[in-house]
Amino acid sequence: MHALNDILQQADQDCERYLALTEREREAIVQQSMDELEQLLQEKRPLIEALARHDQSIKHYCSQQQISAQSLQSHVSGLNDEALSAAYQQFLEHLEACKAANDRNARLVRHSQNSTSNLLDLLRNQGESSQNIYDQLGNRSRSGVSRDLTKV
């Protein structure tokens, strides 16, 4: 068995675990479950560290073989090892899936932040400070002006 194969298999397993966590993270974001999100962030941290170590191992392998990281795919193909080629390809696919899932979750978080910000702006009635419904602390406005519900 090739030394790179072990690195790729371990990295691929960590990618799969990370991908599963990003799926759970997506659900927690959609459900706005802050407790679950906090727990998932703690679970993701060691996987991110492990993936960084795998990256260093791959770079070390490339250094030993005197090839650049960009030439790794050509190197793997040139070894004529079908199992290694398959492991490398599967690792790349899972790595890309992790990146896509991470990007998706980042978009969901930004959307949630924007929605919350827009809701706060609406509740504070931006631009009409004398007629705020709630103050910055979330307390009912003390301006004494009551408004029709239809105007809120």
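In this report, we go over the structure that sits alongside the text.

Quick notes on the rules
- Each chain carries its own residue numbering, running from 1 in the direction its sequence is written.
- For this predicted model, a pLDDT threshold of at least 70 governs which residues receive local features, and a threshold of 80 or more governs which side-chain atom pairs are given and counted, while totals over whole chains, interfaces and linings are taken from all residues.
- Values shown for side chains rest on all heavy atoms present in the structure; no hydrogens or waters enter the calculation.
- Helix axes are fitted only over the stretch in contact, all axes being lines through C-alpha atoms; the angle between N-to-C directions runs from 0 to 180 degrees.
- Numbered from the N terminus, helices here are DSSP runs of H or I no shorter than four residues, and strands are runs of E no shorter than two.
- The scheme is simple: roughly parallel for angles under 35 degrees, roughly antiparallel for over 145, roughly perpendicular for 65 to 115, oblique for anything else.
- Handedness of a crossing is defined here by the sense of rotation of the near helix relative to the far one, left-handed for an anticlockwise turn of less than a right angle and right-handed for a clockwise turn.
- Polarity classes work like this: nonpolar for Ala, Val, Leu, Ile, Met, Phe, Trp, Tyr, Cys and Pro, charged for Asp, Glu, Lys and Arg, and polar for all others, with Gly in that last group.
- For each residue, the accessible area found with a 1.4 Å probe, counting protein chains only, is set against the maximum for its type, and the residue is called buried under 20%, exposed over 50%, and partly exposed in between.
- Pairs of residues are marked as contacts when any of their non-hydrogen atoms sit within 4.5 Å.

It is worth spelling out the packing of helix α1 (residues 3–31) against helix α2 (residues 34–65) at this point. Between α1 and α2, the shortest axis-to-axis distance is 9 Å and the interhelical angle comes to 155 degrees. By the criterion of interaxial angle, the relationship of α1 to α2 is roughly antiparallel. In the crossing of α1 with α2, the sense of the turn from one axis to the other is left-handed. In terms of residue class, the contact of α1 with α2 is made up of 18 nonpolar, 5 polar and 7 charged.

Interhelical geometry of α1 versus helix α4 (residues 82–124) gives an angle of 20 degrees and a closest axis separation of 9 Å. The angle between α1 and α4 falls in the class roughly parallel. Considering only the axes of α1 and α4, their crossing is left-handed. Of the residues in the contact of α1 with α4, the class split is 19 nonpolar, 6 polar and 6 charged.

This brings us to the environment of D12. Position of D12 relative to the elements: it lies in helix α1. According to the relative accessible area criterion, D12 is buried, its value standing at 9%. Sequence separation between D12 and E93 is 81 residues; the distance between their C-alpha atoms is 9.2 Å. Every residue in contact with D12, bar those within four places of it in the chain, is listed here: Q90, F91 and H94.

Read these as spatial facts, not as claims about activity.
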